[in-house]
Amino acid sequence: MDFTIRAATLEDCKDISRMILELAEYEKVPDQVKITQRDLEQDGFSKNPFFHGIIAEVPEHHKSREGHTKVGYSLYFYTYSSWKGRAVYMEDLYVMPEFRGKGIGKALMSKVSQLGLAAGCTQLNFTVLDWNKSSLDFYLKQGCWDVTSDLGYHCMRCEGDALEHLAQGDL
Amino acid sequence: MANFILRKAEPKDVSDILRLIKELAKFEEMEDQVILTEKDLLEDGFGDHPFYHCIVAEVSKQHQSADGHVIVGFAMYYFTYDPWIGKLLYLEDFYVMKEFRGFGIGSEILKKLSQTAVRTRCSSMHFIVAEWNKPSIDFYKRRGASDLSLEEGWRLFKIDKQNLLKMTDEE
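Keep in mind it's a predicted model, so treat the numbers as computed, not measured. (Residues numbered from 1 in each chain as written. Chains lettered and ligands numbered in written order. Predicted model: local features only at pLDDT ≥ 70, side-chain atom pairs only at ≥ 80, totals over all residues. Heavy atoms only, no water.)

Caption draft 1: Local environment of the pattern of salt bridges. Residue and element names in this part refer to chain A. Scanning the model with the defined rule gives 18 salt bridges over all chains in all. A salt bridge links Lys70 to Asp15; the nearest nitrogen and oxygen atoms lie 3.8 Å apart. Separated by 55 residues along the polypeptide, Lys70 in strand β3 (residues 70–81) and Asp15 in helix α1 (residues 13–26) bring together distant segments of the chain. Taken as a pair, Lys70 and Asp15 share a single burial class, namely buried. (Salt bridge = Lys/Arg side-chain N within 4 Å of Asp/Glu carboxyl O. Helix = DSSP H or I, 4+ residues; strand = E, 2+ residues; numbered from the N terminus. Buried < 20%, exposed > 50% of the residue type's maximum accessible area, 1.4 Å probe, protein only.)

Rendered as structure tokens:
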């Protein structure tokens, strides 16, 4: 099947928002999505964007059952490793179920890698849920390794009240 | 002890920042992994689009370290994006020299970071900790941090440059 991979534009935010929700549903937590299409437009397409996007698009005659031609996306941003320097973080990678198995996911990831390498990055990082076996297998096949398993690094978060208290210096 | 001040890092601080990065890496038994140079830190932190931000803790000359240093702690951070909740502050490195611990420097740094997070409308502060690093895990949990790897099953993955190149070649 033909498909194109290209940089996301402001006009893509509607479909990106749709697919973010689909990915959250796949991860069994759709009620956790608070970001709207408008937030994406502001945060991704203003002077200092907080993320960048890539879209996978198919021609009109291959559109999805519901009539969509934008069938996959990746959201990424640049980070920094105090050991190795510039890095790229792939926040989301998603292909609609009916378009899987055609190399679209791999092509999206490859594009993020290309852009990362062009920007001087030496590593690509991302997180995967431990029950997501098909994704884990896909990534291990691309030559990735599991930093949590191998080095025992745990992802931590401080949010909401805890963040506010920390800011106020309460203990 | 000593009064200390916290301030934004300046280009002249890169030598101390690298020294502290290496000290922290040594503590994590990963000293040989640090390939970052002062030149990288200068280019990547103090240009038009910095890849990272840094706060340093400085003591007065009369309280300098055994080795004669006045920069005795630092935190390196940058902004990331969660498509569900928006902007986040990511804490990449956070370290206070051993001889300056127990004086509240770490707590003050964390407080300053949290204030930055709240001021810039970040919903959360994220970071990783090695599972064997019990004192740090306790320090963070006391301040309300949750362990996403344990609680939600997130595993951190990485692809290094060699495999990134391989992925882009296969296109």
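Caption draft 2: Representation of the packing of helix α1 (residues 14–27) of chain B against helix α2 (residues 38–45) of chain B in the model. Residues and elements named next belong to chain B. Where α1 contacts α2, the axes come no closer than 9 Å and their chain directions differ by 115°. Classified by the angle between their axes, α1 and α2 sit roughly perpendicular to one another. The interaxial crossing formed by α1 with α2 has right-handed handedness. Here α1 contributes Val14, Ser15, Ile17, Leu18 and Ile21 to the contact with α2, which in turn contributes Glu38, Leu41 and Leu42. A breakdown of the residues in the contact of α1 with α2 according to their chemical character gives six nonpolar, one polar and one charged. (Axes fitted to C-alpha atoms, helices over the stretch in contact; angles between N-to-C directions. Parallel < 35°, antiparallel > 145°, perpendicular 65-115°, else oblique. Left-handed = near helix turned anticlockwise from the far one by under 90°. Contact = heavy atoms within 4.5 Å. Nonpolar A, V, L, I, M, F, W, Y, C, P; charged D, E, K, R; others polar.)

Caption draft 3: Representation of the side chain of Asp16 of chain B within the structure. Residue and element names in this part refer to chain B. Tracing the sequence through the fold places Asp16 in helix α1. Polar contacts involving the side chain of Asp16 include one to the side chain of Arg19, which spans 2.7 Å. Discounting chain neighbours no more than four positions away, the residues touching Asp16 are His69 and Ile71. (Polar contact = N/O pair within 3.5 Å; in protein donor to acceptor, adjacent residues only side chain to side chain.)

Caption draft 4: Structural view of the packing of aromatic side chains. For the structure shown, the criterion picks out 20 aromatic pairs over all chains. Aromatic side chains Phe138 of chain A and Tyr139 of chain A sit 5.3 Å apart centroid to centroid with 70° between the ring planes, which places their arrangement in the edge-to-face category. When its relative accessible area of 8% is taken as the criterion, Tyr139 of chain A is described as buried. With a centroid separation of 6.5 Å and 85° between ring planes, the pair formed by Phe46 of chain B and Tyr52 of chain B is classed as edge-to-face. The buried category is assigned to Tyr52 of chain B, whose relative accessible area is 1%. Three or more aromatic residues joined by ring pairs form one cluster here, namely Tyr76, Tyr78 and Tyr80 of chain A together with Phe46, Phe51 and Tyr52 of chain B. Its guanidinium or amino end placed over the ring of Trp131 of chain A, Lys28 of chain A lies 4.4 Å from that ring's centre, counting from NZ or CZ. The ring of Tyr26 of chain A carries Arg100 of chain A above its face, with NZ or CZ at 5.6 Å from the centroid. (Phe/Tyr/Trp six-rings, centres within 6.5 Å; stacked < 30°, edge-to-face > 60°. Lys NZ or Arg CZ within 6 Å of the ring centre and 35° of its normal.)

Caption draft 5: Representation of the layout of surface pockets. What the second largest pocket holds in volume is close to 550 Å³. Contributing to the lining of the second largest pocket are 14 residues, with Asn48, Pro49 and Phe50 of chain A together with His49 and Pro50 of chain B lying nearest its centre. At the level of secondary structure, the elements contributing two or more residues to the lining of the second largest pocket comprise β3 of chain A together with β3 (71–82) of chain B. In terms of residue class, the lining of the second largest pocket is made up of eight nonpolar, four polar and two charged. (1 Å grid on protein atoms, 1.4 Å probe; cavity = no way out; pocket = protein on both sides within 12 Å on 5 of 7 lines; lining within 4 Å. Points joined across faces, edges and corners; volume = space filled by probe spheres on them.)

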